[in-house]
Amino acid sequence: MAEKIRWGILGTGNIARQFARGLAVLPDAQLLAVGSRSQASADAFGDMFSVKRRYTSYEALANDPDIDAVYVGTPHVFHKENTLLCLRHGKAVLCEKPFAINANEAQEMIDFAREHKLFLMEAMWTRYMPIFVHLRELLAQRVIGDVRMIHSDFGFRARFNPEHRLFKPELGGGALLDVGIYPVSLASMVLGQPERIASLAHLGETGVDENTAMLLGYPDGALAVLSTAIRTSTPHVAILNGTEGRITIHSRWWVPSRMTVEIFGKEAREIEMPYTGNGYNYEADEVARCLRAGLLESDVMPLDETLAIMRTMDEIRAQWGLKYPVEQ
Ligand SMILES: NC(=O)c1ccc[n+]([C@@H]2O[C@H](COP(=O)([O-])OP(=O)(O)OC[C@H]3O[C@@H](n4cnc5c(N)ncnc54)[C@H](OP(=O)(O)O)[C@@H]3O)[C@@H](O)[C@H]2O)c1
């Protein structure tokens, strides 16, 4: 491996730009190349982030022998195809959330990576941030006892535009896969895999879920009460209620810098843990850590858990009967 992890970015949209900004603050990262479907976008992105190698196809990017890891930042429906393309060229891959459209696709990606002994990880960036590292320590120390109820939401108000990927069934639109995955992933991290799932959603005029409520039940009796939306804003808080106390991760909990730990009957304690960069640097750093250690997956976001999260979201969608055109 080179002195620095040499990155390629696949796609030049909103999140690809954020990821490039994240890479810029990492000492162990070099943004070597970008791949786009068009020269104009590749050049604009290249100019913005001083990227020398600008490819006008994803294939050409994947084919660059000097790239160690590719970040896939395309709309959900292309994650499988784009990830497999890079894996076939022997690259490590960090793939945006949702990892795929459904569990079948996720399984295919994971099987390929495992069979060919290649690194693969879901870009669930929140997990790698300092407060989340500390949160996992507090939970392991059972500071709030057994977690019995999680309340969490991620709803934001997007301008309605049937052509935007958020509202377009062909691009895997809807609240659940875009942002509902955050509370689902949080519940998975804390409580594991649910054994009971109940969900209601409102499918809007383009046929995708615009507001969604989910109830997840766990074998030990714990519950998660989760919600997500794309046409209204929700409080953006995550609350873990335990038998001995409560942890509140404050707004916006998925890009956190502050939480309150309250042991019942005692004074609450505020914990401030500011993040550096724009927060996307931590997931890239986790990839670097794993590659340097010769790991094929991260234990912070294991592939089996990524798959289980996709299965949970499949079941949630099945309850409201939403199938994407790509699944027909
Ligand atoms: N982690 C986070 O905080 C976060 C935030 C936002 C989004 N995301 C995830 O990142 C992914 C991309 O979201 P985004 O908001 O960045 O989307 P976006 O702004 O629309 O960008 C998507 C990019 O994908 C490429 N692309 C390939 N085929 C496309 C097609 N048929 N239609 C549109 N674009 C296509 C395009 O790049 P080229 O034209 O250069 O090929 C485009 O710029 C989604 O899966 C989303 O869930 C994550």
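As a reminder, the structure under discussion sits directly above these lines.
These notes cover the structure that comes with them. These figures come from a predicted structure and were not determined experimentally.

## Let's talk about the site of the ligand
In the vicinity of the ligand, 22 residues are found, and the nearest of them are Thr-12, Ser-36, Tyr-58, His-76 and Tyr-280. The contact in question runs from an oxygen atom of the ligand to an N or O atom on the side chain of His-79, over 3.1 Å. Against a free-state accessible area of 890 Å², the protein chains account for coverage of 81% of the ligand. Looking at the shell around the ligand, the elements with two or more residues in it are helix H1 (14-24) and helix H7 (175-191).

## Digging into the sheet that holds strand S2 (residues 29-35)
With respect to topology, six strands assemble into an open sheet ordered S3-S2-S1-S4-S5-S6, the strand pairing being parallel. On the outer flanks of this sheet lie strand S3 (53-55) and strand S6 (120-123), each paired with one strand and no other. On average, adjacent strands in this sheet sit at an angle of 25° to one another, irrespective of strand direction. With four bridges joining them, strand S5 (residues 92-96) and S6 adopt parallel strand pairing. Each bridged residue has a counterpart across the sheet, and for Leu-94 the counterpart in S6 is Met-121. Running at roughly 170° to S5, helix H4 (residues 79-88) makes contact with strand S1 (5-10), strand S4 (69-72), S5 and S6 of the sheet.

## Digging into the environment of Gly-173
Locating Gly-173 in the fold gives a position in the loop between strand S7 (147-155) and H7. Considering only alpha carbons, one finds Gly-173 and Glu-137, 36 residues apart in sequence, at a separation of 35 Å. Beyond its immediate chain neighbours, meaning those up to four positions away, Gly-173 contacts Arg-165, Leu-166, Lys-168, Val-208, Asp-209 and Tyr-324.

## Some thoughts on helix H2 (residues 39-49)
Those residues of H2 that sit buried are Ala-42, Phe-45, Gly-46 and Phe-49. One face of H2 carries all of its buried residues, which in axial projection span an arc of 100°. What points out from H2, more than 90 degrees from its buried face, is the exposed set Ala-40 and Asp-47. Tucked inside the fold, the buried residues of H2 contact S1, H1, S2 and S3. Downstream of H2 by one or two residues, Ser-50 has phi in the positive range, about 50°.

Rules used throughout
Residues numbered from 1 in each chain as written. Predicted model: local features only at pLDDT ≥ 70, side-chain atom pairs only at ≥ 80, totals over all residues. Heavy atoms only, no water. Near = heavy atom within 4 Å. Polar contact = N/O pair within 3.5 Å; in protein donor to acceptor, adjacent residues only side chain to side chain. Areas by Shrake-Rupley, 256 points an atom, 1.4 Å probe, with all protein chains shown as cover. Helix = DSSP H or I, 4+ residues; strand = E, 2+ residues; numbered from the N terminus. Pairing = 2+ DSSP bridges. Axes fitted to C-alpha atoms, helices over the stretch in contact; angles between N-to-C directions. Contact = heavy atoms within 4.5 Å. Buried < 20%, exposed > 50% of the residue type's maximum accessible area, 1.4 Å probe, protein only. Arc of directions from axis to C-beta.

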